[in-house]
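Results of the structural survey
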Amino acid sequence: MAEGEFYRAASPREAAGLLAQHGGAARVLAGGTDLMVAVNKRKFKPQVLIYLGDAGMSGISQEGDALLIGAATPLNEILASPLVADKAPLLATAIKQMASPAIRNAGTIGGNLANASPAADTATPLLVLGASLKLVGAKGEREVPLAEFFTGPGQSVLAADEIIAQVKVPAQSAEAKWAYRKVGKRKAQSLSVVSVAVYCPLSGGKVSGVAIALGAVAPTPLLATEAAGLLNGKALDEATIAAAAKAAAEATSPIDDARGTAWYRKRASEAVVKQLLTELAG
Amino acid sequence: MHTLELTVNGQTCRVEVGLKTTLLEVLRDKLYITSPKVGCNTGDCGTCSVLLDGVLVRSCITNALSVQGKSVTTLEGITEPGDIHPLQKAFHEHYGSQCGFCTPGMILASKALLDVNPSPTRDEVKQALSGNLCRCTGYVKIIDSVLAAADEMKS
């Protein structure tokens, strides 16, 4: 019985080359926490798998003012990293609330982003921190801001012969305030109903360059740029916060699903943004 | 088919697997190691948990070919045959197991915790077991068992 081909890519470029060579038949495999669920549910029958675990795409380092996180780095390795705790605590806080320890040991940051779920929990902190992705294709590589990566549920700008090789995360400013909240059915191993990340650099008591991102309330993880615009240069008083929270909720376009209704998600978006900004103001 | 070589509980094994084969299928159906159970088969319930190079993973959603050359520990391998691990003793003494279906995963998740944190708080135990579902005990006695085992292992 033909059982397909299994490759262990030695580099991101080799993985991309294999993707190009096999056309649409090939898929990349890292931790398998999404892909193997689809296999077990018979939603996906692999014909060609390209394993990324030996492709030198794992690990965390610092380059100037940014963190470089290999796309195949397991989520728990990021959570345990002193470098991430120091330079991007917002990302660590979000990861701590993802799935369960065993899933975080296998699931990778690149996989969480490449699957392009609107509820991808690494996306919201990475969006507000201004992260970018190094995409490696068969013919070359490019850097894409995460804010331009997602195009729809399960859809991204990733070409058929491209993989995410690295996530670049600008370090948080030591003076900046930040907050993260995930609303799910329970604390552990639940998919977000709403998640919100706020990053709020301060200068002289006023906010400047604030960013708000919401998960699971739009076809893609969402940067609420209008809401953020209402905050910049202002003090975080009650009226400003209320206006920003309203604008953030207006930017959402949620759906009804098994986890929550669109009605609930829109209201929860406003409430959580308001909560977080109020916390930051206090 | 592809040849997979791995170490399970200290023994080198060689099996033939396909692209869809999971580590759980290798353990249960090819090696007849039956402590990891088939529960949800989607990574949610935790009863298939094993240690892969010492790290807790779900064998039901671990692609078999991705563990080539790696070392797997199941409940059967956490002690020498005939011995009983302090966690097993504590689960027995503190009624941490009722129907028993979740117990292998509970003990391996607990071992993964105690290996890196020998003196966990009650809250840390809860977090470490947050991905392991039990429908009998209500968890209280499981957590009691893990804390008792931690005490025993320190003394």
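Residues numbered from 1 in each chain as written. Chains lettered and ligands numbered in written order. Predicted model: local features only at pLDDT ≥ 70, side-chain atom pairs only at ≥ 80, totals over all residues.

1. Topic: the overall build of chain A
Tallying secondary structure elements over chain A gives eleven helices and 16 strands in all. By the compact-globule yardstick of 19 Å for 282 residues, chain A fits well, its C-alpha radius of gyration being 19 Å. Projected onto its principal axes, the C-alpha coordinates of chain A cover approximately 65 × 45 × 30 Å. Looking at chain A alone, contacts between residues at least 24 apart form 63% of all its contacts between residues at least 6 apart. (Helix = DSSP H or I, 4+ residues; strand = E, 2+ residues; numbered from the N terminus. Rg over C-alpha atoms; globule rule 2.2 N^0.38 Å. Contact = placed C-beta atoms within 7 Å.)

2. Thoughts on the nonpolar core
Counting 145 residues, the largest nonpolar core has A:Ile50, A:Leu52, A:Val198 and A:Ile212 as the members making the most contacts within it. Of all the elements, helix α3 (residues 103–116) of chain B adds the most residues to this core, at seven residues. (Core = buried A, V, L, I, M, F, W, Y, C linked by C-beta atoms within 7 Å. Buried ≥ 20, exposed ≤ 12 C-beta atoms within 10 Å, placed from the backbone.)

3. Examining the sheet that holds strand β11 (residues 177–183) of chain A
Residues and elements named next belong to chain A. Ordered in space as β11-β12-β15-β16, the four strands form an open sheet in which the pairing is antiparallel. The sheet is open, and its two borders are formed by β11 and β16 (222–223), each paired with just one other strand. Helix α5 (residues 89–96) rests against β11 and β12 (194–200) of the sheet, and its axis sits at about 15° to β11. Contacting β11, β12 and β15 (211–215), helix α11 (residues 262–281) crosses the sheet at an angle of about 30° to β12. (Pairing = 2+ DSSP bridges. Axes fitted to C-alpha atoms, helices over the stretch in contact; angles between N-to-C directions.)

4. Some points on the sheet that holds strand β7 (residues 141–145) of chain A
All names here are of chain A. Strand order across the open sheet formed by five strands is β4-β5-β10-β6-β7, with antiparallel pairing between neighbours. The two strands at the open ends of the sheet, each matched to only one other strand, are β4 (60–63) and β7. Between one strand axis and the next, the sheet turns by 25° as a mean value, whatever way the strands run. Taken together, the five bridges between strand β6 (residues 132–137) and β7 define a ladder with antiparallel strand orientation. Paired with Lys-134 across the bridge in β7 is Glu-143.

5. Thoughts on helix α1 (residues 23–30) of chain B
Residues and elements named next belong to chain B. Most of α1 is tucked away: six of the eight residues are buried. Within α1, burial applies to Leu-23, Leu-24, Glu-25, Val-26, Leu-27 and Arg-28. Tucked into the core, α1 has its buried residues touching β1 (2–8), β2 (11–17) and β5 (71–73). Tyr-32 sits one or two positions beyond α1 and adopts a positive phi of about 55°.

6. Let's talk about the domain arrangement of chain A
All names here are of chain A. Each assigned domain of chain A is listed with its residue range as follows: domain 1 (5–51), domain 2 (60–170) and domain 3 (177–281). Here the C-alpha centre of domain 2 lies 19 Å away from the C-alpha centre of domain 1. Among the elements that line the side of domain 1 that touches domain 2, the one with the most residues is helix α1 (residues 12–22), at seven residues. A class-by-class count of the residues in the side of domain 1 that touches domain 2 yields seven nonpolar, five polar and two charged. (Domains from an automatic or database assignment. Nonpolar A, V, L, I, M, F, W, Y, C, P; charged D, E, K, R; others polar.)

7. What to know about the environment of A:Ala38
All names here are of chain A. Inspection of the secondary structure assignment puts Ala-38 in helix α2 (residues 35–40). When the C-alpha atoms of Ala-38 and Leu-277 are compared, they prove to be 38 Å apart, with 239 residues separating the residues in sequence. Once residues within four sequence positions are removed from consideration, Ala-38 is found in contact with Lys-43 and Phe-44.

8. Structural notes on the interface of chain A and chain B
On the chain B side, the residues contacting the 23 residues of chain A number 25 residues. Of all the elements in the fold, those that place two or more residues in the side of chain A that touches chain B are α2, β3 (48–51) and α6 (101–106) of chain A. In terms of residues, the side of chain A that touches chain B owes the most to one element, α6(A), which gives five residues. The residue inventory of the side of chain A that touches chain B, partitioned by class, reads 13 nonpolar, eight polar and two charged.

9. Here's the deal with the packing of helix α2 (residues 86–93) of chain B against helix α5 (residues 140–154) of chain B
Relative orientation and spacing of two packed helices are given, respectively, by the angle between their axes and the distance between those axes. Residue and element names in this part refer to chain B. Viewed as axis vectors pointing N to C, α2 and α5 meet at an angle of 135°, and their least axial separation amounts to 8 Å. In this view, α2 runs oblique relative to α5, as classed from their interaxial angle. Considering the relative orientation of α2 and α5, their crossing is right-handed. The residues of α5 that touch α2, namely those facing Pro-86, Leu-87, Ala-90 and Phe-91, are Ser-145, Ala-148, Ala-149, Glu-152 and Met-153. Among the residues forming the contact of α2 with α5, the class breakdown is seven nonpolar, one polar and one charged. (Parallel < 35°, antiparallel > 145°, perpendicular 65-115°, else oblique. Left-handed = near helix turned anticlockwise from the far one by under 90°.)

10. What to know about the pairing of strand β5 (residues 66–70) of chain A
Residues and elements named next belong to chain A. Direction of pairing for β4 relative to β5: antiparallel, over a ladder of four bridges. Within the sheet, the bridge partner assigned to Ser-61 lies in β5 and is Leu-68. Between β4 and the antiparallel strand that follows it, β5, lie two residues; Gly-64 among them carries a positive phi value of about 60°. Relative to strand β10 (residues 162–170), β5 runs antiparallel, the two sharing five bridges. Opposite Gly-70, over in β10, you have Gln-166 as the bridge partner.

11. Notes on the packing of helix α10 (residues 238–251) of chain A against α11(A)
Residues and elements named next belong to chain A. Where α10 contacts α11, the two axes come as close as 8 Å, and the packing angle between them is 145°. Where α10 crosses over α11, the two elements pack in a sense that is right-handed. Side by side, α10 and α11 meet where Ile-241, Ala-242, Ala-244, Ala-245, Lys-246, Ala-248 and Ala-249 of the first sit next to Lys-266, Ser-269, Glu-270, Val-273, Lys-274, Leu-277, Thr-278 and Ala-281 of the second. Looking at side-chain class alone, the contact of α10 with α11 contains nine nonpolar, two polar and four charged residues.

12. Describing unusual backbone geometry
The general pattern is negative phi for most residues beyond glycine and trans for most peptide bonds. In this structure, A:Gln189 is a non-glycine residue whose phi angle is positive, near 30°. With respect to the helices, strands and loops of the structure, A:Gln189 is situated in the loop between β11 and β12. If you check the backbone angles, B:Asn9 has positive phi at about 50° while not being a glycine. For B:Asn9, a count of 18 C-beta atoms within 10 Å gives the class partly exposed.

13. Brief notes about α10(A)
Residues and elements named next belong to chain A. Taking 1.5 Å of rise per residue, the 14 residues of α10 would be expected to cover 20 Å, and the 20 Å separating its terminal C-alpha atoms lies within 8% of that figure. Taken residue by residue, α10 has Ile-241, Ala-244, Ala-245, Ala-247, Ala-248 and Ala-249 as its buried positions. On its buried side, α10 packs onto β15, α9 (225–231) and α11. (Expected span 1.5 Å × (residues − 1).)

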